[in-house]
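Residue-level listing of the chains:
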Amino acid sequence: MLFDEVILGRRSIRGYTAEPVPRALIEEILGLAMRAPSSYNSQPYHFHVITGEPLDRIRAGNVERILAGAPDSREFRTGQPMGGVHRERQIYVAKQLFGAMGIDRDDKERRQDWVLRGFRQFDAPVCVIISYDRIMADCDDAPFDCGAVATALVNAAWSRGLGTVINSQGIMQSPVVREHARIPDDQIIMKSIALGWPDMSFPANAVVSERKSLDEAVSFVGFDQ
Ligand SMILES: Cc1cc2nc3c(=O)[nH]c(=O)nc-3n(C[C@H](O)[C@H](O)[C@H](O)COP(=O)(O)O)c2cc1C
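Since we're looking at a predicted model, the values are computed, not measured.

K.L.:
Honestly, the sheet that holds strand β4 (residues 187-196) in this entry has me stumped. Any pointers?
P.N.:
Backbone-to-backbone hydrogen bonds join strands into a sheet, with any given pair of strands oriented parallel or antiparallel. Pairing is antiparallel in the open sheet, where 4 strands are placed in the order β1-β2-β4-β3. Looking along the sheet, the strands with just one partner apiece sit at the ends: β1 (45-51) and β3 (163-167). Averaged over all adjacent pairs, the angle separating strand axes in this sheet is 25°, with direction ignored. For β3 and β4, the ladder comprises 5 bridges, and the chain directions are antiparallel. The residue of β4 that forms the bridge with T164 is L195.

K.L.:
So what exactly am I meant to see when it comes to the site of the ligand here?
P.N.:
Near the ligand, the surroundings consist of 14 residues, among which S12, R14, I166, Q169 and R211 are the closest. Here an oxygen atom of the ligand sits 2.6 Å away from a polar atom, N or O, in the side chain of S12. R14 is positioned with one of its side-chain polar atoms (N or O) 2.9 Å from an oxygen atom of the ligand. Contact with the protein chains hides 68% of the accessible area of the ligand, taken as 620 Å² for the molecule alone. The dominant element in the shell around the ligand, judged by the number of residues it contributes, is β3, at 3 residues. For the shell around the ligand, the per-class residue count stands at 4 nonpolar, 5 polar and 5 charged.

K.L.:
Explain the pattern of salt bridges to me, please; I cannot follow it from the model alone.
P.N.:
Oppositely charged side chains may form a pair once their charged atoms are brought near each other. A full pass over the atoms with the stated rule returns 10 salt bridges. Here R74 ties to D72 by a salt bridge, and the two come within 2.5 Å at their closest N and O atoms. Overall, R74 belongs to the partly exposed group, its relative accessible area being 26%. In this structure, D185 engages R178 in a salt bridge whose closest nitrogen and oxygen atoms are separated by 3.9 Å. Among the residues examined, D185 registers a relative accessible area of 59% and is labelled exposed. The exposure class of R178 is buried, given its relative accessible area of 14%. Linked by salt bridges that have partners in common, E75, R178 and D185 make up one network.

K.L.:
Would you take a moment to explain the environment of F202 for this structure?
P.N.:
Tracing the backbone shows F202 in the loop between β4 and α8 (214-217). For F202, a relative accessible area of 12% gives the class buried. Once the C-alpha coordinates of F202 and G15 are considered, the two residues, 187 residues apart in sequence, prove to be 5.7 Å apart.

K.L.:
Sorry if this is basic, but what is going on with the packing of helix α4 (residues 84-101) against helix α5 (residues 108-119) here?
P.N.:
Two packed helices can be described by the angle between their axes and the distance between those axes. α5 packs onto α4 with a crossing angle of 115° between their chain directions and a minimal axis gap of 12 Å. Viewed along their axes, α4 and α5 adopt a mutual orientation that is roughly perpendicular. Note that α4 runs across α5; the crossing there is right-handed. In contact with L97, F98 and M101 of α4, α5 contributes R110, R111 and W114. Its residues assigned to classes, the contact of α4 with α5 comprises 4 nonpolar, no polar and 2 charged.

Parameters at a glance
Residues numbered from 1 in each chain as written. Predicted model: local features only at pLDDT ≥ 70, side-chain atom pairs only at ≥ 80, totals over all residues. Heavy atoms only, no water. Pairing = 2+ DSSP bridges. Helix = DSSP H or I, 4+ residues; strand = E, 2+ residues; numbered from the N terminus. Axes fitted to C-alpha atoms, helices over the stretch in contact; angles between N-to-C directions. Near = heavy atom within 4 Å. Polar contact = N/O pair within 3.5 Å; in protein donor to acceptor, adjacent residues only side chain to side chain. Areas by Shrake-Rupley, 256 points an atom, 1.4 Å probe, with all protein chains shown as cover. Nonpolar A, V, L, I, M, F, W, Y, C, P; charged D, E, K, R; others polar. Salt bridge = Lys/Arg side-chain N within 4 Å of Asp/Glu carboxyl O. Buried < 20%, exposed > 50% of the residue type's maximum accessible area, 1.4 Å probe, protein only. Parallel < 35°, antiparallel > 145°, perpendicular 65-115°, else oblique. Left-handed = near helix turned anticlockwise from the far one by under 90°. Contact = heavy atoms within 4.5 Å.

All quantities given are derived from atomic positions and should not be read as evidence of function.
Given below as structure tokens:
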């Protein structure tokens, strides 16, 4: 696939077939992703690749805690609740997804189902948890480097026909993930990526999210025009 086709074609995939993903293919994708740059080439990230029974235990544990009202236990700062234009964009993409799925605004049951789907890692056959070395805890470059490698991973996966969705839902109940993925204490849990073969009949998979314009995103300095 051409680079442009990968970048323009990739979108988050929230419905998967049950077909397993061969370990060799996951290794190939991770190898490509790790060509991403990192601060001083420090490569502070680690991938915990989970499938089968341990992943099912994570799904069950996440759902159980969410339904019990357990507080969010993300291991990184989340800042203020989103407001302004950021919140507007969040609402817009949610409307796109609910629209595609035919979930009405007042349909509490289906909305709840949708949320729980995220906590089940979208029923994907594989989940990749990205963590980074705790010794880098005070270094903002480390989460930046995790983002870079995550972006490379989702694009590498797409180039091989695999779908992904980077998500926070999978790591909001971090003790569940830490226990069942056996993540040592010297790692900070950063993000989750669901991975698998896209179910192209799943309506939300057709959603193409919008981007702000270049004018909004870019300031050119020192150019003639
Ligand atoms: C840091 C991060 C966290 C995200 N968390 C979630 C999540 O918890 N649930 C979800 O459904 N999508 C999540 N997403 C996916 C975004 O909603 C998605 O990337 C965005 O709407 C743009 O759509 P696209 O990936 O299809 O281009 C997350 C993406 C990122 C980068």
